[in-house]
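# Examining the three-dimensional arrangement
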Amino acid sequence: MKNGTSGKRMSFRQKTCIMVLSIYFFIAAFAPLIMPYEVTDFSHPSLAEPCRQYLLGTDEMGHDIFSLLIYGFRLTVCMALAAGFFSTLTGTVLAFCACYLGKAADHVITMTADLFIIVPEMVIVMFAAVFAEPTMINTELAIILFSWPRVYKIIRGKLKDCMNSSKVQYTMMMKGSIADVLQKLMPDIMPSVQTYFILQTNKAVTYETTLSFFGIGDPLAKTWGKLIRAAMDYENLYYDRVFLWYFIPVILVVVVFVVSLALLVHGGE
Amino acid sequence: MPGAKRVLYAVIKYVILLVLVVVISFALPRLLPGNPLDALAGEGSGYSGNTAASVLKSFEAYYAPELPVHEQFFRYVKNLAHFDLGISLFYKTPVLERIMSAARWTLPLSLISFAVGAVLGILLGVSMGLSKKNRGSLLVLPLLAWQAVPTFLVAALAQILLAYRLKWFPAVGAVTPGMLAGQPGYFADVLEHMALPLIILMIAEIPSNAVFAYHSTQKVKKAPYVAFAYYLNISRRNIRLHYIIKNILPDLWGRLNIQTVMCIMGSMFVEAVFSYPGLGSLLKNAASYRDYTMMQGILLVTCLYGIAVNLIYELVLGRFTRNS
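Residues numbered from 1 in each chain as written. Chains lettered and ligands numbered in written order. Predicted model: local features only at pLDDT ≥ 70, side-chain atom pairs only at ≥ 80, totals over all residues. Heavy atoms only, no water.

### Focus on the confidence of the model for chain A
Test applied: Per-residue confidence from the predictor is reported as pLDDT, which spans 0 to 100. Whether two residues are in contact is decided by their heavy atoms: any pair within 4.5 Å suffices.
Per-chain confidence: chain A averages 82 in pLDDT, with 95% of residues scoring 70 or above. Every residue in residues 1-7 of chain A is under pLDDT 50, and counting partners more than four places away or in other chains gives 17 contacts.

Set out below in structure tokens:
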């Protein structure tokens, strides 16, 4: 797998992905300016059809769906980036610890990682998220806590190879500090770390939407997942055209986001 | 490593993992902030107000939050040894019973879709890898994009469009309500209800298998022994069967291992969308109604399944590589 972001020449596919993602980040950053109404404002007529005033109509409670969707950018994109960042960081740091300390530490961490890899990860994430207090932070922590092993496995493999390289062995022989060793290792693992950051962010979006769909997490934080769940809970969603503005836009937004993230790093060899 | 020793080593490894699973399923609910066990242990907790007394009683009988932690753990292990996973707080029946009856729906769905998806995916991937002028590479990006889409979204869309709108398939459940086992037409009815979830799951399984098989094929195709076989004028068909396909099998085997575990998860998401009476709906209800005993039961059973699948693959894989 070639890494996505640090390549010298980006392919057309990668440029497109980066452009799409930039739009997402832009909307996330300026959500409050783009939203016509507050998220908490349910003073609108319920179930209005799309019109100039309500671009995507309103839900059964009288929220403006377009505003909810835009605010979802901020929540979901931020939480996905944070989850991606911290799970990649955890995995990388643990991989470094395992390789640097070796022996016992390596065994213990690898065993734990193996456990989370051989059991369906999502069930454990859900389990933790259900038992904890339903807040955004707890959902986020549950995702981070159980999705690092994949990163760990790959980075550990890379580090093991690098540790044996002459430059690292030499640094160790010269009694270099951890920082020195890290400095020597960094250039070799950075591309994989970047790739995994993007993949983990991608995973986090899927996790968040799936958790929300299962009714887990802060019911007040209107992420995309919550919006999907709300739409699917609305009993008449399927009988008239409501799904066209209540359901399809949010699904498209999620799909375009995860697909751009995935295509940014994959393929093209 | 000699056979018996290898088997022993694998078994020990998975026994340790099993112990870890039990410890996690015991400890996690007690460690998490704002967990129900803490809340119940404290007197005058907010729980008693809106929780039915009978539910509270069965909850306390199972978890015994008043005991010291190590005694709680022994109690938990003892219960597990008797296959007692507690009483579901939502359904008010034994958890294990519920899970077993749900698994009857989930296992066929996930295993059939896994098998068909794997065969179709691998065939597609291999033929992409062997295609002339590497035309198969055009398919990689669409497949990767498809792989990134969460399965339950596809299921939700298919439910709206194909079931509710076009009415090609029944939209919810596993049988028409009122239909009883053994009644004429029961089997056909079950198949009809299974069709759409099954198709979605199969299609969801294909991309990851195909992309993986494509990459392995590409790798093996460039190996020196394949190039050499061409020089020796060994027939194309033979090269494909004996040189390429045979050599990607060990790679694929590892992939299939992961897929076998993950297919349960995928199946659960799709079931939850279609209110199919399998583990997915059980999980959805357990999560929505905070049915803690049920969550714990599902965690244990799926982890057990994961461990069993991995153990089987590891034991068979050893034989696989030894013979070839």
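### So, the interface of chain B and chain A
As a reminder, the rule being used: The quantity reported as buried area is the accessible area (1.4 Å probe) lost by two parts once they are put together, taken as the sum for both. Salt-bridge detection follows one rule: a side-chain nitrogen of Lys or Arg within 4 Å of a carboxyl oxygen of Asp or Glu. Here a polar contact means two N or O atoms within 3.5 Å. Within protein one must be a hydrogen donor candidate and the other an acceptor candidate, and residues neighboring in sequence count only if both atoms are side-chain atoms. Think of it this way: any DSSP run of H or I at least four residues long counts as a helix, any run of E at least two long counts as a strand, and we number them from the N terminus.
The interface is formed by 54 residues belonging to chain B together with 53 residues belonging to chain A. Counting each side, the surface lost to burial between chain B and chain A is near 4,600 Å², with a carbon and sulfur contribution of 83%. Taken as a group, B:Phe152, B:Ile160 and B:Arg165 account for 12% of the area that chain B buries against chain A, more than any other trio of residues on that side. Applying the counting rule to chain B against chain A returns zero salt bridges. Here chain B and chain A share one residue pair in polar contact (both at pLDDT 80 or more) between them. If one sorts the elements of the side of chain B that touches chain A by residue count, helix H1 (residues 3-31) of chain B sits on top with ten residues.

### A short note on the packing of helix H5 (residues 121-131) of chain A against helix H6 (residues 136-163) of chain A
Residues and elements named next belong to chain A. Note the threshold: Interaxial angle, 0 to 180 degrees, is taken between N-to-C directions of lines fitted to C-alpha atoms, where a helix line uses only the stretch in contact. Each angle gets one of four labels, with under 35 degrees taken as roughly parallel, over 145 as roughly antiparallel, 65 to 115 as roughly perpendicular, and the rest as oblique. With the far helix as reference, a near helix turned anticlockwise by less than a right angle produces a left-handed crossing, and one turned clockwise produces a right-handed crossing.
Remark: H5 packs on H6, axes separated minimally by 8 Å, with the N-to-C direction vectors making an angle of 160°. Considering the angle they form, H5 stands roughly antiparallel to H6. Handedness of the crossing formed by H5 with H6: right-handed. In this structure, H5 uses Glu-121, Ile-124, Val-125, Ala-128 and Ala-129 to contact H6, whose residues at the interface are Ala-142, Ile-143, Phe-146, Ser-147 and Arg-150.

### Let's talk about the environment of A:Leu182
Inspection of the secondary structure puts A:Leu182 in helix H8 (residues 178-213). For the pair A:Leu182 and A:Pro149, spaced 33 residues apart in sequence, the C-alpha to C-alpha distance is 20 Å.

### Considering a nonpolar patch on the surface
All names here are of chain B. The line we're drawing: The residues that make up patches have over 30% relative accessible area and no salt bridge, and they are joined within 9 Å when like-charged or within 5 Å when they are Val, Leu, Ile, Met, Phe, Trp or Tyr. Only the protein chains shown count as cover for residues, and the accessible areas themselves come from Shrake-Rupley with a 1.4 Å probe. With a 1.4 Å probe rolled over the protein chains alone, any residue whose accessible area is under 20% of its type maximum counts as buried; one over 50% counts as exposed, and the rest are partly exposed.
Taken together, the side chains of Val-7, Val-11, Val-15, Val-19 and Val-23 define a hydrophobic patch exposed on the protein surface, amounting to about 330 Å² of accessible area. Relative to the assigned elements, Val-7 resides in helix H1. Relative accessible area serves as the criterion here: at 32%, Val-7 is assigned to the partly exposed category.

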